[in-house]
Amino acid sequence: MNKRAKKAITLAAAVTSLGTSLGVAPVDAQAAVDMFLQQGKKDSVRESTQGKIESTQGKIESTQGKISNQEKHIDPVNLNKNR
Amino acid sequence: MARGDTVMRIPARKTDLDGNAVFGFTCNQCLNCCHHKKIQVNPYEIARIAETLGITTTECIALYTTGNGSYLKFREDATCPFLDTRGCTIHAVRPLVCRLYPLSRHVSDTGHEWFSELQPQKNCTGIYLGQGSIRTYINEQNAEAYMQAADCYLNMLWKMMAMLENLVADVEEQPHGQHPDDAIGVHTEYSNWMDMDVVVDRYCQIRQTAFPDDIDEKMRMHLDALYFWINNA
Ligand code: SF4
Ligand code: SF4
């Protein structure tokens, strides 16, 4: 993996954390990391970045379905293992 | 892609409200809404809480957050870590989502802002007034500075996402080779870019400037450091 690939994964982790903290579902970061780890997923990255991405700042019930989306976020610990 | 495909879905009873929409609410401090919640906290909010508690942002993230510093870490009994029998122990520096409640705020990547009225919390003893406006309510909650800070970080996030997309395209074009820019230092030495104190401390060392006392100045440096990082990769 070259330096730019490593950089992209680090950036994806930062996007995930910052996005989560601002109420933005960081599907782009997830898709980007998937691509590096599995290859051949460029389309999914493009598709996910075409959407109108919004930030939601509200108290959210931890029992709502949205939580499962939140738990799909990249775990930076696991990311580090893949560097 | 329709609105909502990449957005948190929240239980709102009204949405697409602008700041002039009629809204008024008196909270009776029953504290029911400090249980079973996801409370998002951005680096500015962590810095405010850390300052009040007299600890570093590193300690604050470790002690009170989850998701790499993105949410407050609720206790096993599903209560907020800052809730005690007297109420919110960090009321003066409570996060934006707590100030807004029972509203939520939405911002698109083009800067469009709108609000939702959330479904009332079960057993909430607060009173909906049917007068006033969302803007007035936000002012009463001293939420403006927190919204501005969130917007500063959001602008950075959109830049980071654009940069990520470029990197992905680049790497796919040259999956096995070295990119010409690889000679440029890759600033990946921080394990957590959310940690304002660590990032600003390092940035001050590089810039040979004093570590700022003021949180607004610290936030500005944090954003500068992030900007420097994504533009020098
Ligand atoms: S920070 Fe304060 S207001 Fe917000 S959930 Fe915790 S105790 Fe409640
Ligand atoms: S549940 Fe309602 S009345 Fe009780 S603290 Fe929350 S907003 Fe205030």
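See the structure shown above.
What you are looking at is a predicted structure, and each value in this text was computed from that prediction instead of being measured.

1. Concerning helix α7 (residues 215-231) of chain B
Alright, step 1. Between the first and last C-alpha of α7(B) there are 24 Å, a value that for 17 residues agrees with the 24 Å anticipated at 1.5 Å per step.
Alright, step 2. Regarding α7(B), its N-cap is B:D214, as a side-chain oxygen of that residue lies 3.3 Å from the backbone nitrogen of B:D216 further along.

2. With respect to the nonpolar core
Alright, step 1. Grouped together as the largest cluster of nonpolar side chains are 72 residues, with contacts concentrated most on A:L11, A:L22, B:I134, B:Y153, B:L157, B:M160 and B:W229.
Alright, step 2. If you tally residues by element for this core, the top one is helix α5 (residues 144-173) of chain B, at 15 residues.
Alright, step 3. Dropping the residues within four chain positions of it, B:M160 is found in contact with A:L11, A:A14, A:V15, A:L18, B:L226, B:W229 and B:I230.

3. Details of helix α6 (residues 196-207) of chain B
Residue and element names in this part refer to chain B.
Alright, step 1. For α6, with 12 residues, the first-to-last C-alpha span of 16 Å sits near the 16 Å given by 1.5 Å per residue.
Alright, step 2. Among the residues making up α6, those that are buried are M196, D197, V199, V200, Y203 and C204. Along α6, the residues classed as buried sweep out an arc of 165° about the axis, all on the same side.
Alright, step 3. Count one or two residues on from α6 and you reach Q208, which has phi positive near 55°.

4. Quick look at the site of ligand 1
Alright, step 1. Close to ligand 1 lie nine residues; B:C34, B:C80, B:C88, B:P95 and B:C98 are nearest.
Alright, step 2. Mapping the residues near ligand 1 onto chains gives chains A and B.
Alright, step 3. Here the shell around ligand 1 is composed, by residue class, of eight nonpolar, no polar and one charged.

5. What to know about the packing of aromatic side chains
Residues and elements named next belong to chain B.
Alright, step 1. Taken as a whole and judged by the stated rule, the model has six aromatic pairs over all chains.
Alright, step 2. Both rings, one in F23 and one in Y137, keep their centres 5.0 Å apart while their planes meet at 85°; by these two values the pair is edge-to-face. Here the residue F23 occupies a position in the loop between β1 (12-17) and β2 (25-26), and Y137 occupies one in helix α4 (residues 134-140), the gap between them amounting to 114 residues.
Alright, step 3. Judged by relative accessible area, F23 falls into the buried class, the value being 4%.
Alright, step 4. Among the residues examined, Y137 registers a relative accessible area of 3% and is labelled buried.
Alright, step 5. Geometrically, the ring pair formed by Y64 and F82 is tilted, given 4.7 Å between the ring centres and 45° between the ring planes. Here the residue Y64 occupies a position in helix α2 (residues 57-64), and F82 occupies one in the loop between β5 (71-72) and β6 (83-84), the gap between them amounting to 18 residues.
Alright, step 6. Classification of Y64 by relative accessible area gives partly exposed; the value is 23%.
Alright, step 7. When its relative accessible area of 4% is taken as the criterion, F82 is described as buried.

Calculation rules
Residues numbered from 1 in each chain as written. Chains lettered and ligands numbered in written order. Predicted model: local features only at pLDDT ≥ 70, side-chain atom pairs only at ≥ 80, totals over all residues. Heavy atoms only, no water. Helix = DSSP H or I, 4+ residues; strand = E, 2+ residues; numbered from the N terminus. Expected span 1.5 Å × (residues − 1). Polar contact = N/O pair within 3.5 Å; in protein donor to acceptor, adjacent residues only side chain to side chain. Core = buried A, V, L, I, M, F, W, Y, C linked by side-chain atoms within 4.5 Å. Buried < 20%, exposed > 50% of the residue type's maximum accessible area, 1.4 Å probe, protein only. Contact = heavy atoms within 4.5 Å. Arc of directions from axis to C-beta. Near = heavy atom within 4 Å. Nonpolar A, V, L, I, M, F, W, Y, C, P; charged D, E, K, R; others polar. Phe/Tyr/Trp six-rings, centres within 6.5 Å; stacked < 30°, edge-to-face > 60°.

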